[in-house]
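In case you want the letters, here they are:
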Amino acid sequence: MKVSDFVQQVNRVLLSKKVETLRSVPGCGWGARSQSNAYRIGIEGRNELHGHHGANISDYFIYSLNLKTDVEEIIPFSTPEQVAEWISEQLAK
């Protein structure tokens, strides 16, 4: 599956939950900030593939970055619904 298709599916679920969706970030993938602005959540390329939105999911990772401590949590890809649930929890922080 192409990562751009996956992100569209995740965003559909996020919209139904009435939370912020992931936006395209040039050269990085997709991202959003938490309500407190303390976390950056996103789907980003693993290496030189940054910004290549047509790449396969295996070339990307899902993360939450605490902007105060610089601690990053990475989760495995699962269904768009499960990823959207995790993202909505992170956005509420």
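Refer to the preceding data block for the structure.
Reading the values: the criteria
- For every chain, the first residue of the written sequence is number 1, and numbering continues from 1 onward in sequence order.
- For a predicted model such as this one, the threshold for reporting local features is a pLDDT of at least 70, and the threshold for listing and counting side-chain atom pairs is 80 or more; totals across whole chains, interfaces and linings nevertheless cover every residue.
- Side-chain descriptors were evaluated using all non-hydrogen atoms of the structure, hydrogens and water having been removed beforehand.
- One side-chain nitrogen of Lys or Arg within 4 Å of one carboxyl oxygen of Asp or Glu is enough to make a salt bridge.
- Helix and strand labels come from DSSP, where a helix needs a run of H or I of at least four residues and a strand needs a run of E of at least two; each type is numbered from the N terminus.
- For every residue, the accessible area (1.4 Å probe, protein chains only) is compared with the maximum for its type, and the residue is labelled buried under 20%, exposed over 50%, or partly exposed between those bounds.
- Nonpolar core, defined: a set of buried Ala, Val, Leu, Ile, Met, Phe, Trp, Tyr and Cys residues in which side-chain atoms within 4.5 Å join the residues together.
- Residues count as neighbours in contact if any of their non-hydrogen atoms are within 4.5 Å of one another.
- When DSSP finds two or more bridges between two strands, those strands count as paired.
- Axes here refer to lines fitted to C-alpha atoms; in helices the fit is confined to the stretch in contact. Angles between the N-to-C directions go from 0 to 180 degrees.

### Things to note about the pattern of salt bridges
Charged atoms that come close allow side chains of opposite charge to pair. Tallying each qualifying case throughout the model produces 2 salt bridges. For the salt bridge of lysine 17 with glutamate 85, the shortest nitrogen-to-oxygen distance reads 2.6 Å. Taken together, the residues lysine 17 in the loop between α1 (3-16) and β1 (23-25) and glutamate 85 in helix α2 (residues 80-91) connect sequence positions 68 residues apart. Accessibility expressed as a relative area gives 34% for lysine 17, which makes it partly exposed. Glutamate 85 gets classed as partly exposed once you look at its relative accessible area, which sits at 33%. Two residues, glutamate 20 and arginine 23, come together in a salt bridge whose shortest N-O distance is 2.1 Å.

### Things to note about the nonpolar core
Considering soluble globular proteins, one finds that nonpolar side chains tend to be buried as a cluster. Val3, Val10, Leu22, Trp30, Ile43 and Ile87 are the most contacted members of the largest nonpolar core, which has 23 residues in total. Among the elements of the structure, α1, β2 (29-33), β3 (39-45), β4 (60-66) and α2 are those that each provide at least two residues to this core. Looking at this core element by element, the count peaks at 6 residues for α1. Apart from the residues lying within four places of it in its own chain, the contact partners of isoleucine 87 are Val10, Leu14, Leu22 and Ile41.

### What to know about the sheet that holds β3
Strands sit in the order β1-β2-β3-β4-β5 across an open sheet of 5 strands; the sheet is antiparallel. Either end of the sheet is taken by a strand with one partner, and the two such strands are β1 and β5 (72-75). Averaged over all neighbouring strand pairs, the angle between strand axes comes to 30°, with direction disregarded. With 4 bridges connecting them, β4 and β5 associate as antiparallel partners. Looking at β5, one finds that tyrosine 63 is bridged to isoleucine 74. Against the sheet, α2 contacts β2, β3, β4 and β5, and its axis sits at roughly 15° relative to β4.

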